[in-house]
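Reading the structure
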Amino acid sequence: MKKSIVLLNLFLLLSTLTFSQTNVSGAISSDATWSLANSPYTVTGNILISSEATLTIEAGVTVKVNSGLYIKVQGTIIAIGTSSEKITFTSSSSNPNKGDWDKIWLASTSTLFDDSGNYSSGTIFNHCVISYADEGLRLDDSSFCLINSELSENNKGINFRKVINSIIANNNFNNNNSGTSTSAGTEENGVGSFTYTKFLNNTFESNTGHGLIFGGYRNNANNNLIKNNVSKNNGGDGMNFSWGDVVKGFADNIIEGNIIYNNGTSTNNGMNYGGNGITVGRDSNVIKKNFIINNKGSGISISGTYIYEGLTIENNIISGNLDYAIDLSSNTNSTIRYNSVLNSGSSTGKPSTGIPNSYMTSINNSITYNTIYNSKNNTIELRYGPNTFNYNNFIKNKGDYVFKLLTGNDSAIDAENNYWGTSTESEIQAAIYDYYEDFELGAVDYTPFSTALNTTAPISPPSDVTKTVSGSDVVLNWTANGESDLAGYKLHYGSPTGYSYSTTVDLGNVTTYTVTGGNISTEYAIT
């Protein structure tokens, strides 16, 4: 009999733990805690965290939101989970879909950070999962901290309207219709404002449209840092910072150290989502030290505004993009230097770097100390001038011309001190299409020209790399680089991502290497 009573009590306890839930709705006007003991919480009516209140959500709590409802934060929400006990915000449906519930709406909430950028107080989401919302997070006149979290299966991971002094770091945005969005300019003729916000070490992956959007129509996005993020396999652009408000638009931002790979994958209902690596407003932004690789559109595409301050594009590796590597449409006063522009172009016929016909004249750009290698089509095409091209390396062009002036460009072009892949002047002349082929065009001034590779520009990739089987080994061979200051080569292989490998071997200054016990099907890269 005692055993039966014990088993009955255990059954009742397990039933309580399995089926208990807490329904919540309405205004929270004083400090409150949603505890793990009372989880899951089901939102049955819209929630308001009022300006004088703080809602603390314990690690491991699940919040289920009924169809069409939102959680609005005018006070503070503190949602700090752990790597093993995440806080989950999701649909209450047993068969959830994107957009089932509305959003977590940060309206006039704030967060403080110390001088090192560490969270001090205020609204924070740490180790959270937000899924199946229309807008995972919506930012209105707020600052916040979002770290170590995942936003997936939402229509929009985050919709920015007005945000300032915020940190978004170490998060994963995946399988949303768009990783982020900006809607202020299209809602009631509003104006968005995005300032002093940092995107650090995030991943934007496999979203239907763009990975990261932080700009756009009637928006001002200024003094932000977008650094060390990965944006890959998105249907649209990897990163889209298109032009915004005519007063300042997208300006004075730094885009640094990001990996932007294989974007433009979507064919959803025939919609064109772009597929550029970076689309960016041209005003006083710095784009540096990024890997922009194998995107279906252009590597970098300019989205013009009316400020004319110009970009700085420097020290990037831009490789294998199927449209332009760098599209300088409607762009003025920019500095493009020290970039490796490799393997660009496809059957579209676009050059590696181009200034095509556009709604405004693109002039006074300085393109210096770049290495442009293995262009599938022409290397440079220009509709406008003056623009200067100095001290660049043009190597292994596969198009008809290294330098072509387009119809309507009657400007003289300064293209002095470049290396044209040859030291024979007649071959250089044959690689240029200008006044001497069409007297309506301007002339390209190519003298003096360099007779050797400019070593201040980035090093060119090794060429003519081959691999052959020799017994149980694989032998790699390649042609020596032409740079006079070459220190040596490196071999990379193992776990290829398209932009990195797990193993690197320092080979020294050689042009052959035997991989003992190698596999001919393994992908090897020489740099």
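Preceding this paragraph is the structure being described.
Keep in mind it's a predicted model, so treat the numbers as computed, not measured.

**Observations regarding the pattern of salt bridges**
All chains considered together, the criterion is met by six salt bridges. A salt bridge links R138 to E135; the nearest nitrogen and oxygen atoms lie 3.0 Å apart. When its relative accessible area of 10% is taken as the criterion, R138 is described as buried. Here E314 ties to R337 by a salt bridge, and the two come within 2.7 Å at their closest N and O atoms. Residue E314 is found in strand β37 (residues 312–314), and its partner R337 is found in strand β40 (residues 335–337); the two are separated by 23 residues along the sequence. Under the relative-accessibility criterion, E314 is labelled buried at 14%. Residue class for R337 comes out partly exposed when judged on its relative accessible area of 30%.

**Brief notes about a nonpolar patch on the surface**
The grouping of Y435, Y436 and F439 at the surface amounts to a nonpolar patch, some 430 Å² of accessible area in total. Take Y435: it is sitting in the loop between β50 (432–433) and β51 (444–445).

**Structural notes on unusual backbone geometry**
Between S39 and the following residue, P40, the backbone shows a cis peptide bond with an omega angle of 5 degrees. With respect to the helices, strands and loops of the structure, P40 is situated in the loop between β2 (32–34) and β3 (41–49). In this structure, N201 takes a positive phi of about 60 degrees despite not being glycine. Here N201 shows up in the loop between β23 (198–200) and β24 (203–205). Taking the relative accessible area as the measure of exposure, N201 reaches 39% and is therefore partly exposed.

**With respect to the packing of aromatic side chains**
Scanning the model with the defined rule gives 21 aromatic pairs in all. With 5.0 Å between their ring centres and 85 degrees between their planes, F389 and F403 make a pair best called edge-to-face. Placement of the pair is F389 in strand β46 (residues 388–390) and F403 in strand β48 (residues 403–405), with a sequence separation of 14 residues. Accessibility assignment for this pair places F389 and F403 in one class, buried. Here the aromatic rings of F403 and W420 are separated by 6.2 Å at their centres, their planes lie at 50 degrees, and the arrangement is tilted.

**Digging into the side chain of N220**
Relative to the helices and strands, N220 resides in strand β26 (residues 219–222). Within the structure, the side chain of N220 is placed 3.1 Å from the backbone nitrogen of G249, a separation counted as a polar contact.

**Things to note about the sheet that holds strand β53 (residues 473–479)**
The strand order across the open sheet formed by three strands is β52-β53-β56, and the pairing between neighbours is antiparallel. Across the chains shown, the open sheet's two edge strands, defined by having one partner strand only, are β52 (463–470) and β56 (512–515). Strand after strand, the sheet turns through a mean of 20 degrees between neighbouring axes, direction not considered. As judged from the six bridges shared by β52 and β53, these two strands associate in the antiparallel manner. By the bridge assignment for β53, T466 is matched with N477.

What counts and how
Residues numbered from 1 in each chain as written. Predicted model: local features only at pLDDT ≥ 70, side-chain atom pairs only at ≥ 80, totals over all residues. Heavy atoms only, no water. Salt bridge = Lys/Arg side-chain N within 4 Å of Asp/Glu carboxyl O. Buried < 20%, exposed > 50% of the residue type's maximum accessible area, 1.4 Å probe, protein only. Helix = DSSP H or I, 4+ residues; strand = E, 2+ residues; numbered from the N terminus. Patch = residues over 30% accessible without salt bridge, like charges linked within 9 Å, V, L, I, M, F, W, Y side chains within 5 Å. Areas by Shrake-Rupley, 256 points an atom, 1.4 Å probe, with all protein chains shown as cover. Phe/Tyr/Trp six-rings, centres within 6.5 Å; stacked < 30°, edge-to-face > 60°. Polar contact = N/O pair within 3.5 Å; in protein donor to acceptor, adjacent residues only side chain to side chain. Pairing = 2+ DSSP bridges. Axes fitted to C-alpha atoms, helices over the stretch in contact; angles between N-to-C directions.

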